[in-house]
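Read off the chains here:
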Amino acid sequence: MVNRDDIAAMRRQYGEHGLIESELPANPIELFNTWLKEAAANEVIVEANAMVLSTEVDDQPTSRTVLLKDLTDQGFTFFSNYESRKAKQILENNNVSLLFPWYPMERQVIVIGSATKTSKAESDSYFASRPRGSQIGAWASAQSEELSSRDELEKRYAEFENKWPVGSVIPRPDFWGGYVVYPTSIEFWQGRYSRLHDRIRYVREKNNNWQIKRLNP
């Protein structure tokens, strides 16, 4: 176990590069897209589109990592099993947050918004683009349900693999599809020296324009 004093002493100095309001675009999606491209080009970051999705029901927050699969002015899209724990929580309370932790670049982005299901056509289109193994996995996994063993999961996978041989068109399960998170605020965090980090929050106004606010670090 790591010594408590060693944990307390863990720190690093952040860089000089920061966020300047006069250089920021009016639309935060534009800035996010730039940061995402830069994160994807960074060899240290394994999956730049990985994001921590947090939901909350009955004062109990839950977080897990999902993958961003589309980005438009309408929001951030990911896909999941509609019978999973996250889906049940979104059905009860669709207010969510997304966190993109790009630590090697001394950056993070926090998105606050509401999640709604994408159209069936959009879910069909993305499902058809997935690798065959991932398509079969969607059928085999009763996501978030308890398993008796690993063998049980692999047996179900083999059954669906036999049902749809190589070359077959695998249909999208009705219980699987996309969500789009419509953002009401997007906060960009850039590490700076002496812990004087830059925090810029875009807040959506009623006319759908964005107001830019600087926050204390």
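Scope of this entry: the structure provided in the associated data block. Just so it is clear, the structure is predicted and the values come from calculations on it, not from any experiment.

Cut-offs used in this document
Residues numbered from 1 in each chain as written. Predicted model: local features only at pLDDT ≥ 70, side-chain atom pairs only at ≥ 80, totals over all residues. Heavy atoms only, no water. Phe/Tyr/Trp six-rings, centres within 6.5 Å; stacked < 30°, edge-to-face > 60°. Helix = DSSP H or I, 4+ residues; strand = E, 2+ residues; numbered from the N terminus. Buried < 20%, exposed > 50% of the residue type's maximum accessible area, 1.4 Å probe, protein only. Axes fitted to C-alpha atoms, helices over the stretch in contact; angles between N-to-C directions. Parallel < 35°, antiparallel > 145°, perpendicular 65-115°, else oblique. Left-handed = near helix turned anticlockwise from the far one by under 90°. Contact = heavy atoms within 4.5 Å. Arc of directions from axis to C-beta. Core = buried A, V, L, I, M, F, W, Y, C linked by side-chain atoms within 4.5 Å. Pairing = 2+ DSSP bridges.

### Considering the packing of aromatic side chains
1) Next: All chains considered together, the criterion is met by 17 aromatic pairs.
2) Next: Arranged with centres 5.2 Å apart and planes meeting at 85°, the rings of tryptophan 35 and phenylalanine 188 form a pair that is edge-to-face. Linking tryptophan 35 in helix H2 (residues 28-41) with phenylalanine 188 in strand S7 (residues 176-190), this pair joins segments that are 153 residues apart in sequence. Assigned by exposure class, tryptophan 35 and phenylalanine 188 land together as buried.

### Re the packing of helix H5 (residues 132-140) against helix H6 (residues 150-163)
1) Next: It is the contact of H5 with H6, at a shortest axis distance of 9 Å, that shows an interaxial angle of 120°. Comparing the axis directions of H5 and H6 gives the class oblique. With respect to the hand of their crossing, H5 and H6 are arranged in right-handed fashion. Contacts between H5 and H6 pair Arg132, Gly133, Ile136, Gly137, Trp139 and Ala140 from the former with Leu153, Arg156, Tyr157, Phe160 and Glu161 from the latter.

### A word on helix H3 (residues 85-92)
1) Next: Along H3, the positions that sit buried rather than exposed are Lys86, Ala87, Gln89 and Ile90. Projection of H3 onto a plane perpendicular to its axis shows the buried side chains occupying an angular sector of 165°, all on one side. Within H3, the exposed residues directed more than 90 degrees away from the buried face are Leu91 and Glu92.
2) Next: Among the structural elements, strand S1 (50-57), strand S2 (60-67), strand S4 (75-81), strand S5 (95-102), strand S6 (107-117) and S7 are those in contact with the buried residues of H3.

### Section: the nonpolar core
1) Next: With 34 residues, the main nonpolar core has Phe32, Phe76, Phe100, Trp102, Val109 and Phe188 as its most contacted residues.
2) Next: For this core, the secondary structure elements donating two or more residues are H2, S1, S4, H3, S5, S6, S7 and strand S8 (198-204).
3) Next: With six residues, the single largest contributor to this core is H2.
4) Next: Beyond its immediate chain neighbours, meaning those up to four positions away, valine 109 contacts Phe32, Trp35, Leu98, Leu99, Phe100, Trp102, Ile186, Glu187 and Phe188.
5) Next: Core analysis: the next-biggest nonpolar cluster, separate from the first, contains nine residues, Phe79, Ile136, Trp164 and Trp176 among them.

### With respect to the pairing of S5
1) Next: As paired elements, S1 and S5 share three bridges and run antiparallel to each other. Bridged to valine 52 within S5 is leucine 99.
2) Next: Where S5 lies against S6, eight bridges are found, and the strand directions are antiparallel. What sits directly across from asparagine 95, in S6, is serine 114.

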